[in-house]
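Coordinate analysis (summary)
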Number of protein chains: 2
Amino acid sequence: MNTDIPGREQLLAGRSIIDLLVHRTPLHTSLSLDRLCGARLFFKCENFQKGGAFKFRGATHAVMTLSAKEAARGVATHSSGNHAQALALAARLRSIRAYIVMPENAATVKIRAVEAYGGRIRFCRPTLSDREATLAEVIEETAALEIHPYNDYRIIAGQASAAAELMEDSGPLDCLVAPVGGGGLLSGTILSKNCFSPQTLVYGAEPEMANDAWMSFQQKILIPVSNPQTIADGLRTSLGSLTFPIILEGAAGILTTSEEAIGKAMRLIWERMKLVVEPSAAVTLAAVMEHPKVFAGKRTGIILSGGNADLSRLPWSSGDIPAKT
Amino acid sequence: MNTDIPGREQLLAGRSIIDLLVHRTPLHTSLSLDRLCGARLFFKCENFQKGGAFKFRGATHAVMTLSAKEAARGVATHSSGNHAQALALAARLRSIRAYIVMPENAATVKIRAVEAYGGRIRFCRPTLSDREATLAEVIEETAALEIHPYNDYRIIAGQASAAAELMEDSGPLDCLVAPVGGGGLLSGTILSKNCFSPQTLVYGAEPEMANDAWMSFQQKILIPVSNPQTIADGLRTSLGSLTFPIILEGAAGILTTSEEAIGKAMRLIWERMKLVVEPSAAVTLAAVMEHPKVFAGKRTGIILSGGNADLSRLPWSSGDIPAKT
């Protein structure tokens, strides 16, 4: 057992920070979706979180637990998405600098959001190697501390708070479902289960088109995928060296879903629950619907991870669902 | 003063029914929209109401306050929209019959919803005269009681509960904004203000393309419009003989909005607040944005009346915004 993995004491200490700075998102339920799925579902609405996604939990926890000396150096990351906004916002709350490396083709709305939060953007070419090289340059120049989007125990401990709050509001759960990309949210969910509800089964929900977690879990070694094409753009990353062992030991399973099921689940959440969620969040409900036997009659918590959907490109109004290769 | 108009005692008695049977919807806020509008906004999320709209409040109040003898006759209405579902659901809660006259071209999803709630549907041709004639036939045959969607004090008193709850959760308000179609929600909002917060100014928000309330308010006589073309499909009806006098006496003003502003406001609510709302609900925010001087610095309650948007036809993804004539 790796003793660096955050335990009960660290999770509770983290909550004392998170409860002050992070929005406690509501739990929603839907009798109509309960009937459709044959289960009792509790949806944690992280689409209502600051920045529109759970990422603000981990970023806030990481930034606020830096020592004064560390914080003075500022923080840095590369991200085209929700982590960039979350880190910039968390850094502003502590009045420290945030250096964000973003690909030059990042969505304008995301660039504007990082700027609005006071993030200092350095653009790079849109390849992983160029992102990493540019981040290394920034860190070399500024001595800022890198805050990785998921492969960092401070981030994982922060993401754990979503499941902890969910279970406080839902009461006892048989199952918990979180989407899995890099694994920060899923491994945090497992840590919360371990500490607060060990009998609950935690499942990762993953697109078939980006099934590195499923493969890694089956074969018990870390198998990254490169450049997967799923509409669930938040789940295109692969597990990290810190998230994978927690998932391998603590997950009850990884459940994959088709692109069609993701689009259908997303539309159901919009239509029946009136919630704007992004495709990566809908992967959870898609997994419940595609694996009905796992959840039949079960009290099941579902983490709707975010709501930053592109309203101009909805999966049911265009050809955005990629063909299976 | 018309002594039939529901007063404080009736509104409070209504609440004792509504608190038991109707979902108490949450209040949401958005710092980003506050900054954009220069006001402090409190959004009452009736998109999360049972049936997806505030209509269930009035229908439940009307059905539950029938005498046993009246209830035994069943209830009837003509509606292609949210009132049909709401009345069918309320009737089921009291285990009485609901006869719903629907135009044969009504959306399949709405027909299915009425059926799912046990409503007995009679189809008619899609003209107002045919709807009224068919309803008269149904009432002649069944002796059912007509429950009009808005021109009925029992309905108005039920809709009043949305503003009452809003103010309980928001604290004191300078202004309240409700959309106005037939005027049930707006007149109910005025009754709640009169009883519980007389200093608050109540505004009706209305599409320019269906501005019968604005014209009627200016000229102090009821001026219906026929067949208006706004995307706010819930607001195409005209004021009634019971709703108009309450609005004329109690509204601080009727604020009209362009179709473009409605589409823009709807998109802002989806993007910034992650809420699925229908165009008729977004008319409220559109009015605040188009009349900024009225609301500058004001604590303002906004009733987001419903979330039954057609996800296949969004105003920003098609040519659905009609040209100004």
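So, how was this worked out
Residues numbered from 1 in each chain as written. Chains lettered and ligands numbered in written order. Predicted model: local features only at pLDDT ≥ 70, side-chain atom pairs only at ≥ 80, totals over all residues. Helix = DSSP H or I, 4+ residues; strand = E, 2+ residues; numbered from the N terminus. Rg over C-alpha atoms; globule rule 2.2 N^0.38 Å. Buried ≥ 20, exposed ≤ 12 C-beta atoms within 10 Å, placed from the backbone. Contact = placed C-beta atoms within 7 Å. Least-squares fit on C-alpha atoms with pLDDT ≥ 70 in both. Pairing = 2+ DSSP bridges. Axes fitted to C-alpha atoms, helices over the stretch in contact; angles between N-to-C directions. Domains from an automatic or database assignment. Nonpolar A, V, L, I, M, F, W, Y, C, P; charged D, E, K, R; others polar. Parallel < 35°, antiparallel > 145°, perpendicular 65-115°, else oblique. Left-handed = near helix turned anticlockwise from the far one by under 90°. Core = buried A, V, L, I, M, F, W, Y, C linked by C-beta atoms within 7 Å. Expected span 1.5 Å × (residues − 1).

1. Overview of the overall build of chain A
Helices and strands together make up the secondary structure of chain A, namely 14 helices and 10 strands. Compactness check: chain A gives a C-alpha radius of gyration of 18 Å against a globular reference of 20 Å for 325 residues, within 12% of the reference. In terms of overall dimensions, chain A has a C-alpha envelope of 55 × 45 × 40 Å along the principal axes. In chain A, which comprises 325 residues, the share counted as buried stands at 54%. In chain A, 75% of the contacts between residues at least 6 apart in sequence involve partners at least 24 apart.

2. A word on the relation of the copies chain B and chain A
Structural alignment of chain B on chain A gives an RMSD of 0.0 Å, achieved by rotating through 180 degrees and translating 0.0 Å along the axis. The superposition of one copy onto the other is thereby described by a two-fold rotation axis. Of every C-alpha in chain B, the one belonging to Leu275(B) sits nearest the axis of rotation, 2.6 Å from it. Of the interface residues in chain B, 100% have counterparts in chain A that sit at the interface too, so the contact is made through matching surfaces.

3. A look at the sheet that holds strand β6 (residues 145–146) of chain A
Residue and element names in this part refer to chain A. Sheet architecture is open: 4 strands sit in the order β5-β4-β3-β6, paired in parallel fashion. A strand with exactly one partner marks an edge of an open sheet, and here the two such strands are β5 (120–124) and β6. Alignment of strand β3 (residues 75–78) against strand β4 (residues 98–103), held across 4 bridges, turns out to be parallel. Its bridge partner being in β4, threonine 77 is matched across the sheet by isoleucine 100. Of the strands in this sheet, β3 and β4 touch helix α5 (residues 82–93), which is tilted by about 165 degrees from β4.

4. Examining the domain arrangement of chain A
Residues and elements named next belong to chain A. According to the domain assignment, chain A contains domain 1 (8–53 + 152–304) and domain 2 (74–143). Relative placement of domain 1 and domain 2: their C-alpha centres are 25 Å apart. Across the boundary between the two partners, domain 1 contributes 6 residues, which contact 6 residues of domain 2. Per-class residue counts for the side of domain 1 that touches domain 2 are 2 nonpolar, 3 polar and 1 charged.

5. So, the environment of Ala281(B)
Residues and elements named next belong to chain B. Assignment of secondary structure puts alanine 281 in helix α13 (residues 279–290). Sequence separation between alanine 281 and arginine 35 is 246 residues, and the spatial gap between their C-alpha atoms is 20 Å. Residues within four places of alanine 281 in sequence aside, it is in contact with Asn47, Pro179, Leu304, Ser305 and Gly306.

6. What about the pairing of strand β2 (residues 40–45) of chain B?
Within a regular strand, side chains alternate between the sheet's two faces. All names here are of chain B. Counting buried residues along β2, 5 of its 6 residues qualify, which places the element largely inside the surrounding structure. Relative to β2, strand β1 (residues 27–28) runs antiparallel, the two being bridged by 2 bridges. Bridge pairing in β2 places leucine 27 opposite lysine 44. With 6 bridges connecting them, β2 and strand β10 (residues 299–304) associate as parallel partners. If you follow arginine 40 over to β10, its bridge partner there is arginine 299.

7. Quick word on the packing of helix α8 (residues 153–170) of chain B against helix α9 (residues 184–196) of chain B
Residue and element names in this part refer to chain B. One can describe the packing of α8 onto α9 by two numbers: an axis separation of 7 Å at closest approach and a directional angle of 60 degrees. Between α8 and α9, the interaxial angle falls into the category oblique. Judged by the sense of rotation from one axis to the other, the crossing of α8 with α9 is right-handed. Counting all contacts with α8, which are made through Ile155, Ile156, Ala157, Gln159, Ala160, Ala162, Ala163, Ala164 and Met167, the residues of α9 involved are Gly184, Leu185, Ser187, Gly188, Thr189, Leu191, Ser192, Lys193 and Phe196. Per-class residue counts for the contact of α8 with α9 are 11 nonpolar, 6 polar and 1 charged.

8. Brief notes about the interface of chain B and chain A
Listed as interface residues are 15 residues of chain B and, on the opposing side, 15 residues of chain A. Here the side of chain B that touches chain A is built from residues that sort into 7 nonpolar, 5 polar and 3 charged.

9. So, unusual backbone geometry
Most peptide bonds take the trans form, and the phi angle of most residues other than glycine is negative. All names here are of chain A. Phi is positive for asparagine 227, close to 55 degrees, though the residue is something other than glycine. Within the fold, asparagine 227 resides in the loop between α10 (212–219) and α11 (243–250). Among the residues examined, asparagine 227 registers 7 C-beta atoms within 10 Å and is labelled exposed.

10. Some thoughts on the nonpolar core
Of all hydrophobic cores here, the largest spans 199 residues; its most connected members are Leu87(A), Ala282(A), Leu87(B) and Ala282(B). Apart from the residues lying within four places of it in its own chain, the contact partners of Leu87(B) are Ala59(B), Val75(B), Thr77(B), Ala98(B), Ile100(B) and Ile147(B).

11. What to know about the packing of helix α1 (residues 8–21) of chain B against α8(B)
Geometrically, a packed helix pair is captured by the angle between its two axes and the distance between the axes. Residues and elements named next belong to chain B. Orientation of α1 relative to α8, taken along the N-to-C sense of each, is 85 degrees, at an axis distance of 9 Å. With respect to their mutual orientation, α1 and α8 come out roughly perpendicular. Touching Gln10, Leu11, Gly14, Arg15 and Ile18 of α1 are Ala157, Gly158, Ala160, Ser161 and Ala164, all from α8. Class assignment of the residues belonging to the contact of α1 with α8 gives a composition of 5 nonpolar, 4 polar and 1 charged.

12. Remarks on helix α7 (residues 128–142) of chain A
Taking 1.5 Å of rise per residue, the 15 residues of α7(A) would be expected to cover 21 Å, and the 21 Å separating its terminal C-alpha atoms lies within 8% of that figure. Positive backbone phi, approximately 65 degrees, marks Ala143(A), located one or two places after α7(A).

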